[in-house]
Amino acid sequence: MAGEIVERIAGERLHCRYHDDAFEVTVDMRVAPAPEGALVTQTIEIAPKTILGRLLQPLIRLGLGKQTR
């Protein structure tokens, strides 16, 4: 899967886009100050490009939640 950095703000944000023949994936990570140290918010969007990818979306969603917690 090939990728690129869409936006980078040192200490605040990293936004990347990845793609191949089957999927388009964006990952956006933001860091903000918090009383305990830092709060990191990560947003992941996966857009399937094929019928098989669309059929697998529920399994991908389930697996993604387990991998990112």
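Residues numbered from 1 in each chain as written. Predicted model: local features only at pLDDT ≥ 70, side-chain atom pairs only at ≥ 80, totals over all residues. Heavy atoms only, no water.

**Looking at the overall build of the protein**
If you tally the helices and strands in the protein, you get two helices and four strands. In sequence order, the protein lays out its α and β elements as β-β-β-β-α-α. A compact globule built from 69 residues should have a C-alpha radius of gyration of about 11 Å, whereas the protein, at 14 Å, is more than 25% larger. Counting every position in the protein, which comprises 69 residues, the buried fraction comes to 16%. Of all intrachain contacts in the protein linking residues separated by at least 6 positions in sequence, the fraction that spans at least 24 positions is 17%. When the accessible surface of the protein is summed, it comes to about 5,400 Å², and 57% of that surface belongs to carbon and sulfur atoms. Distance between charge centres in the protein, computed from 9 positive and 9 negative side chains, equals 6 Å. (Helix = DSSP H or I, 4+ residues; strand = E, 2+ residues; numbered from the N terminus. Rg over C-alpha atoms; globule rule 2.2 N^0.38 Å. Buried < 20%, exposed > 50% of the residue type's maximum accessible area, 1.4 Å probe, protein only. Contact = heavy atoms within 4.5 Å. Areas by Shrake-Rupley, 256 points an atom, 1.4 Å probe, with all protein chains shown as cover. Lys, Arg positive; Asp, Glu negative; His and termini not counted. Charge placed at Lys NZ, Arg CZ, Asp CG, Glu CD.)

**Some details on the pattern of salt bridges**
This model, assessed by the stated rule, comprises six salt bridges. Between R17 and E4 there is a salt bridge, with the nearest N and O atoms lying 3.2 Å from each other. Of this pair, R17 sits in strand β2 (residues 13-19) while E4 sits in strand β1 (residues 2-9); the two residues are 13 residues apart in sequence, bridging distant segments of the chain. Classification of E4 as partly exposed rests on a relative accessible area of 40%. Where E7 meets R13, a salt bridge forms, and the shortest distance between an N and an O atom there is 2.4 Å. The buried category is assigned to R13, whose relative accessible area is 16%. (Salt bridge = Lys/Arg side-chain N within 4 Å of Asp/Glu carboxyl O.)

**Topic: the sheet that holds β1**
Sheet strands pair by backbone hydrogen bonding; their relative direction is either parallel or antiparallel. The strand order across the open sheet built from four strands is β1-β2-β3-β4, with neighbouring strands paired in antiparallel fashion. Two strands in the sheet have a free side with no partner beyond their single neighbour: β1 and β4 (37-48). Between one strand axis and the next, the sheet turns by 15 degrees as a mean value, whatever way the strands run. (Pairing = 2+ DSSP bridges. Axes fitted to C-alpha atoms, helices over the stretch in contact; angles between N-to-C directions.)

**With respect to the pairing of β2**
As paired elements, β1 and β2 share seven bridges and run antiparallel to each other. Opposite G3, over in β2, you have Y18 as the bridge partner. What sits between the antiparallel neighbours β1 and β2 is a turn of three residues, in which G11 has the positive phi angle 75 degrees. Direction of pairing for β2 relative to strand β3 (residues 23-34): antiparallel, over a ladder of seven bridges. Each bridged residue has a counterpart across the sheet, and for Y18 the counterpart in β3 is V25. What sits between the antiparallel neighbours β2 and β3 is a turn of three residues.

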